[in-house]
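# Working through the structure, step by step
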Amino acid sequence: MLSMQEFFRMDRWPNSYCPGCGNGTVMNCLYRALRDVVDMDKLVMVGGIGCSARIDGYVFADAIHTTHGRAIAFATGIKLGNPELDVIVVGGDGDIGAIGGNHLINAARRNMDILVLCVNNWIYGMTGGQVSPATPHTGISTTTPEGNQEYSFEFVKLVAECGANYAARWSIAHPFQLIDAIKTAHQKKGFRYVEALSICPTGYGRNNKLAEPAQLFEYLKSKTYILKQNGTHGSGIAVNLDGKFALGEFANRDRESYLESLKKQEV
Amino acid sequence: MREFLLGNEACVKGAILAGCRFYAGYPITPSTEIAEAMARELPKVGGTFIQMEDEIASISACIGASWAGVKTMSATSGPGFSLMQEGIGYAVMTETPVVLVNCMRGGPSTGQPTKPAQGDVYQAKYGSHGDYEIIALSPASVGEMFMLTIEAFNLAEQYRVPVMLLADGEIAHMRESVEVPEKINIINRKLASPGIVKEVWKPDEDGIVPFPVFGKGHRVYISGTTSDIYGYPSTVKPEVHEAVVKRICDKIRKNAEKIWRYECYKPEADKIIFAYGLPSRTALAVARDTDRAGVFRPITLWPFPEKPFGEIVAGKDVYVLEMNYGKMLYEVERVAYKHGAKSVSFLPKLGGAIHTIKEVRKFVGVD
Amino acid sequence: MKPHINEDYCKGCHLCILVCPMKVYEKGSRISKKGAILPEVSKPEKCPNYKKKVDEKLTCEMCVLTCPDQAINFLEG
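In what follows, the accompanying structure is described. (Residues numbered from 1 in each chain as written. Chains lettered and ligands numbered in written order. Predicted model: local features only at pLDDT ≥ 70, side-chain atom pairs only at ≥ 80, totals over all residues.)

Right, let's talk about the environment of Asp56 of chain A for a bit. Residues and elements named next belong to chain A. Along the chain, Asp56 turns up in the loop between β1 (43–47) and β2 (62–65). On the basis of neighbour count, Asp56 is assigned to the buried category, with 26 C-beta atoms found within 10 Å. A C-alpha to C-alpha distance of 23 Å links Asp56 and Gln130, two positions 74 residues apart in sequence. Not counting the four nearest positions on each side in its chain, Asp56 is found in contact with Met45, Val46, Gly47, Ala63, His65 and Val90. (Helix = DSSP H or I, 4+ residues; strand = E, 2+ residues; numbered from the N terminus. Buried ≥ 20, exposed ≤ 12 C-beta atoms within 10 Å, placed from the backbone. Contact = placed C-beta atoms within 7 Å.)

A separate point is the interface of chain B and chain A. Listed as interface residues are 34 residues of chain B and, on the opposing side, 28 residues of chain A. Of all the secondary structure elements, the ones that give two or more residues to the side of chain B that touches chain A are β2 (20–25), β3 (48–51), α3 (55–67), α4 (78–93) and β10 (221–223) of chain B. Looking at the side of chain B that touches chain A, its residues break down into 19 nonpolar, 11 polar and 4 charged. Here β2 of chain A runs beside β10 of chain B; their pairing, made up of 3 bridges, is parallel. Residue pairing for β10 of chain B: His65 of chain A is matched across the bridge by Ser223 of chain B. (Nonpolar A, V, L, I, M, F, W, Y, C, P; charged D, E, K, R; others polar. Pairing = 2+ DSSP bridges.)

Turning to the interface of chain A and chain C, a few remarks are in order. Listed by partner, the interface residues are 18 residues for chain A and 16 residues for chain C. Broken down by secondary-structure element, the contributors of at least two residues to the side of chain A that touches chain C are α2 (22–34) and α9 (213–222) of chain A. For the side of chain A that touches chain C, the per-class residue count stands at 10 nonpolar, 7 polar and 1 charged.

In this section: the nonpolar core. Ranked by size, the top nonpolar core spans 224 residues in total, and within it Ile78, Val89, Leu117, Val159 and Tyr193 of chain A together with Ile135 and Ile273 of chain B carry the most contacts. Broken down by element, this core gets its largest block of residues, 11 residues, from helix α6 (residues 142–159) of chain B. When residues of this core are assigned to domains, at least three fall in each of domain 1 (2–179) and domain 2 (263–364) of chain B. When near neighbours in sequence (up to four residues on either side) are disregarded, Ile273 of chain B contacts Ala283, Val286, Ala287, Ala293, Val295, Tyr319, Leu321 and Val364 of chain B. (Core = buried A, V, L, I, M, F, W, Y, C linked by C-beta atoms within 7 Å. Domains from an automatic or database assignment.)

Buried within helix α5 (residues 101–110) of chain A we find His103, Leu104, Ile105, Ala107, Ala108 and Arg110 of chain A. The inward-facing, buried residues of α5 of chain A abut α3 (71–81), α4 (93–97), α6 (155–161), β7 (192–197) and α10 (258–266) of chain A together with α3 of chain B. Following α5 of chain A by one or two positions, Asn111 of chain A has its phi on the positive side, about 55°.

See the structure below:
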């Protein structure tokens, strides 16, 4: 079992995140999920741009902090360049779902052998709190000062529908389930997507009268519910219409992965 | 062994011989044949081909695969080249070897997809934001599509830098016979010593940082953000960024003399025609029939072969041929006048029209 | 053992106070060198790990798991 010192770059602590940022909690869950099974010399963390993507620099493994939104494309090249590598993409709702959207859906469709950990805090945190495709309807942000008129993406549903081998969503208020989801995803082949609903007290909280981390944490937890087995969630489309977030596994398949089909062609 | 090849196919042949084992690209006229040939040939040598969803994904995947230790390439044309600029900047910043082919076509915008042009030659050097240097090569024949692609890989590996092959659409689509040599000189990137690499960005004496391939236990953090020598973000102190800019630029600037490749034909003549790519074939045809005109053909457009060109232009009239409305012209003017040239004239060809021998003879004044 | 808060890492977010099911923590009055209002371990005896020895497996680690700054450690006491 790897110690914190073996898994994290503890020389970089205290971490640069704001007080109460959910990224730190996600890192704890990532550590717990991987500490018994990961080969740190084969692990490659791939992050885009944003606070959540910076988790890539806190893990003591090879890591590449790429251009905004393109982590999944870089990860594709890394994995195909050396299929022995254990490639994990980490990023936020904006990086992975807005600018990175095209790469997200195509990698899912291809069932590319990478694990994507999306930390969804409903906002563009690093740049000061602008709206993201995940910002809830009516949410205030610096670019939606009168309240977000758009409805947010249900990325996990989208990715599930694109044929990913694994798509699950939990939150930082459900650390045990989040750890299990990452563990399960890590063992599978193909495209695996784990979304962790998280909090950004600085970017989202402050703009929406939920500035205290504990306040925002409780608010987030109150908006989640656990999906019943074989249950349909919310609106049935990949858009959130009711402001509630279903948690659970949205896809758990064993469709032929990209590398598996590549191997087949070689024969 | 002599083979009759399409320009684009010669490029692929050279790439594979140079050791390219990964191609991520997107179809775009007139470069598509490169992707198609790679799709056929790469699996035969154990390489991987993938058609990505766009050019941005293509360059990203190429950079990723390069970090996994593989020689990678992508090919595109103007519109795709524009999309790749952010990725190019990233490759430069992270000193990632990658080869990019731009089969230039009429621009700007969608322009003339099937007509050759040379409008992107400045974009190759200045297309991405910030301060940086790259290497760009200009082939003038199918044979050079083959040889210069190998050169491109060698230069990319040696200098840990993206290298562009700027072919015009006509060179990409013409067919000529090529002498494929038995032996090829291949250069591979200098690798980091085994073990954890703490000083990720410490260059050796030669100015080149050893490359820490992923998955070898080096545990390196690579980032496009300005970083300190350990790879951690350090964006506030001016001296840190200055050191980064100087490292990525000086390795090219200080080694420019070793990187320059050019052809000088009858340099003693009073008139010097400056041309590269397709128009250089016309220039050479004109110069063959007269002693009054010589040709300076840059093979490396960047770094611009300033010294060898400057040495032959004092007191002379310089004639520039380009398939654009003025690009290398400005570099020529700068260098020529600095070295005492008498005059610099320009004959542009736009829309895919080609310089004819007759009009160049008239333009240069040797008819 | 007792939970121990690393004052160099703690940023005073107080999520530990919220998530602890046994109300072991409460908002303290001390301010760390970094300007964080430190939580106080006011009822350590309520913690399910209280009777355990150091290095024994923890019964409950909600605070450790949640702390965004990895500032909580269980130590002798």
